[in-house]
Amino acid sequence: MTDTRTRQPPQSTRRIAQQVQGKRILLWGYGLEGKATEAFLKTHCDVSSLDIFEGTQDGIDENACDLIIKSPGIREAHWGLKYTSATELFLREFAAHTIGITGTKGKSTTASMLYRALQAGQPRPALLVGNIGLPCLDAYDDIGADTIIVFELSCHQLDHVRVSPHIAVFLNLYEEHLDHYDTPERYFAAKANIATHQHEGDHFLAGAQVPAIETRARTHILAQKPQGAAFSLRAPGAHNQYNAQTAYFIATELFGGNSAQVRHAIESFDGLPHRLEYIGTAGGIEYYDDSISTIPEAAIAALGSIAHAKTILLGGMDRGIRYDILEMFMRAHPEYHYICMYASGRRMYDAVAPLPYCHYRDDLTAALALARKITPPGTACILSPAAASYGAFKNFEERGEVFRRLALGK
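Residues numbered from 1 in each chain as written. Predicted model: local features only at pLDDT ≥ 70, side-chain atom pairs only at ≥ 80, totals over all residues. Heavy atoms only, no water.

Pairing is parallel across the open sheet formed by 6 strands, whose spatial order is β6-β7-β5-β8-β9-β10. Either end of the sheet is taken by a strand with one partner, and the two such strands are β6 (126-130) and β10 (218-221). Each neighbouring strand pair of the sheet contributes to a mean axis angle of 15 degrees, computed without reference to strand direction. Note: strand β8 (residues 167-170) against strand β9 (residues 203-206), 4 bridges, orientation parallel. Paired with Val169 across the strands is Leu205, a residue of β9. The strands that helix α7 (residues 184-196) touches are β5 (98-102), β8 and β9; relative to β8, the one it contacts most, it runs at about 150 degrees. Running over the sheet, helix α8 (residues 238-254) touches β5, β8, β9 and β10 and is turned about 155 degrees from β9. (Pairing = 2+ DSSP bridges. Helix = DSSP H or I, 4+ residues; strand = E, 2+ residues; numbered from the N terminus. Axes fitted to C-alpha atoms, helices over the stretch in contact; angles between N-to-C directions. Contact = heavy atoms within 4.5 Å.)

Now the structure itself:
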């Protein structure tokens, strides 16, 4: 076991208020994180001025501000010393408290499992923040000297950060977000910041297929299968066994948590909405909402996780990622019905047609109407699109809720 309280990294611990003291601040972006940052600066900091900008970078007068705090997901043409983010400001103060978790898939589930495991297995207080839904600055006043912060970090939050958390977790890497990063290499470079700036005494946990990252931290390669007895999880799938094993290792080996209590906390976790969530049965067909699925590997994993799956709904916004692996799977597995929809679904369907068990429909409504006709009672239909929701839906949550309403007639 590692005593994390005695192995603090020599990172800057300048309080956020000190970092922005007397500065002219521009908030670039005004979504959930931008609004949280504005509220924090107004209540906790003494800045010279605070302005908000929601346009493109060429509309920013960099000479008129001392610090530009960019919200996640905004594309930038250049970066400089005046640019930062809420994530970077937060980590400059709290890196030594923080377990950062990233990966193309599984980070929300792993972070949630770990948070519950830490609450159950050891005495220190724990907080869960980040991409899971709570902006980090909203939790600022709840952080004490002994608090453990579980921080789910997206590629957009990690982009350009110059400080890394004390414990960094990089679960896996697949093609994703190429509409923003253009190349897989740029996408990986953003995520790699979770470990790039670590120090001696820090820990880096990496999935076996994550490319090597130069870091001064002690590196642990994550086991692909549970070491010992498998977890009796409520959330199905081999990928969730992997997530559970990761949470268990951190909670027990790095924080000394009671193994029985940690295992119970992980096994009691119900799973998160829109992640292979059983939503109900209608007409004898079981329906599962896996709307979070935005890559082909996730759709394949979904079919492997539900033993009686028969039909899968695929497709959404086309962001240019490759579907070769999914198309090969479709050709090799005629036991399923594949109903493709939207732009990326059209690309998948055209690649495998004319397979008789593959179909195309324009949208989710038409796809579900077909699914009700061709899915035998006693089997399951899964929404696991392997594509983003944007264009047809506001986000993956809305897509999942529409699926639930249409599937169950509610």
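On to the nonpolar core, then. The biggest cluster of nonpolar side chains holds 42 residues, and the ones touching the most others in it are Ile25, Leu41, Phe90, Phe170 and Phe204. With 6 residues, the top contributor of residues to this core is α7. In contact with Phe90, not counting residues within four places along its chain, are Ile16, Ala95, Thr98, Cys136, Leu137, Ile143, Ile149 and Phe151. Counting residues in each nonpolar core, the second largest holds 31 residues, with Tyr115, Phe231, Ala244 and Ile250 among its members. (Core = buried A, V, L, I, M, F, W, Y, C linked by side-chain atoms within 4.5 Å. Buried < 20%, exposed > 50% of the residue type's maximum accessible area, 1.4 Å probe, protein only.)

Within the secondary structure layout, Thr102 lies in strand β5. The exposure class assigned to Thr102 is buried, which follows from its relative accessible area of 0%. The residues contacting Thr102, other than those within four sequence positions of it, are Lys107, Leu153, Ser154, Leu158, Val169, Phe170, Leu171, Lys191 and Ile194.

So, about the sheet that holds strand β14 (residues 337-341). The sheet built from 6 strands is open, its strands ordered β11-β12-β16-β13-β14-β15 with mixed pairing. The open sheet has two free edges, formed respectively by β11 (277-282) and β15 (358-361), since each of these has just one partner strand. Taking each pair of neighbouring strands and ignoring which way they run, the sheet shows an average axis angle of 20 degrees. Pairing between β14 and β15: 4 bridges, direction parallel.

The N-to-C vectors of helix α4 (residues 107-121) and helix α9 (residues 259-267) enclose an angle of 140 degrees; their axes lie 8 Å apart at closest approach. The way α4 lies across α9 gives a crossing that is right-handed. In this structure, α4 uses Met113, Arg116, Ala117, Ala120 and Gly121 to contact α9, whose residues at the interface are Gln261, Val262, Ala265 and Ile266. Here the contact of α4 with α9 is composed, by residue class, of 6 nonpolar, 2 polar and 1 charged. (Left-handed = near helix turned anticlockwise from the far one by under 90°. Nonpolar A, V, L, I, M, F, W, Y, C, P; charged D, E, K, R; others polar.)

What follows concerns helix α11 (residues 324-332). Of the positions making up α11, those classed as buried are Leu326, Glu327, Phe329 and Met330. The buried residues of α11 occupy an angular sector of 155 degrees when projected down its axis, which confines them to one face. Of the residues in α11, the exposed ones pointing more than 90 degrees away from the buried face are Met328 and Ala332. Next to the buried residues of α11 lie α10 (296-305), β13 (309-314), β14, α12 (342-352) and β15. (Arc of directions from axis to C-beta.)

By the element assignment, Glu33 lies in helix α2 (residues 32-44). Considered as a pair, Glu33 and Pro135 are 102 residues apart in the sequence and their alpha carbons are 5.7 Å apart. Aside from chain neighbours lying at most four places away, what touches Glu33 is Pro72, Ala86, Thr87, Pro135 and Gln157.

This next bit is on the packing of α10 against α11. Viewed as axis vectors pointing N to C, α10 and α11 meet at an angle of 30 degrees, and their least axial separation amounts to 8 Å. Crossing hand, α10 versus α11: left-handed. Packed against α10, whose contacting residues are Pro296, Glu297, Ile300 and Leu303, the element α11 presents Ile325, Leu326 and Phe329 at the interface. In terms of residue class, the contact of α10 with α11 is built from 6 nonpolar, no polar and 1 charged.

Burial along strand β16 (residues 380-383) is two-sided: the residues Ala380 and Ile382 and Cys381 and Leu383 are all buried. Pairing of strand β12 (residues 285-289) with β16, which is carried by 4 bridges, proceeds in the parallel orientation. Following the sheet pairing, Tyr288 is matched in β16 by Ile382. Pairing between β13 and β16: 4 bridges, direction parallel. Along β16, the bridge assignment pairs Thr311 with Cys381.

Bringing the pattern of salt bridges into the picture now. Under the defined criterion, the tally for this structure stands at 17 salt bridges. Residue Glu88 pairs with Arg92 through a salt bridge whose shortest N-O separation is 3.8 Å. Highlighted residues: Glu88 and Arg92, both in helix α3 (residues 86-94), separated by 4 residues, approximately one helical turn. Glu88 sits in the buried class, given a relative accessible area of 2%. Between Arg319 and Glu176 there is a salt bridge; the shortest N-O distance is 2.3 Å. Here Glu176 lies in the loop between β8 and α6 (178-181) and Arg319 lies in the loop between β13 and α11, a separation of 143 residues in the sequence. (Salt bridge = Lys/Arg side-chain N within 4 Å of Asp/Glu carboxyl O.)

Coordinates in, geometry out; function isn't part of it.
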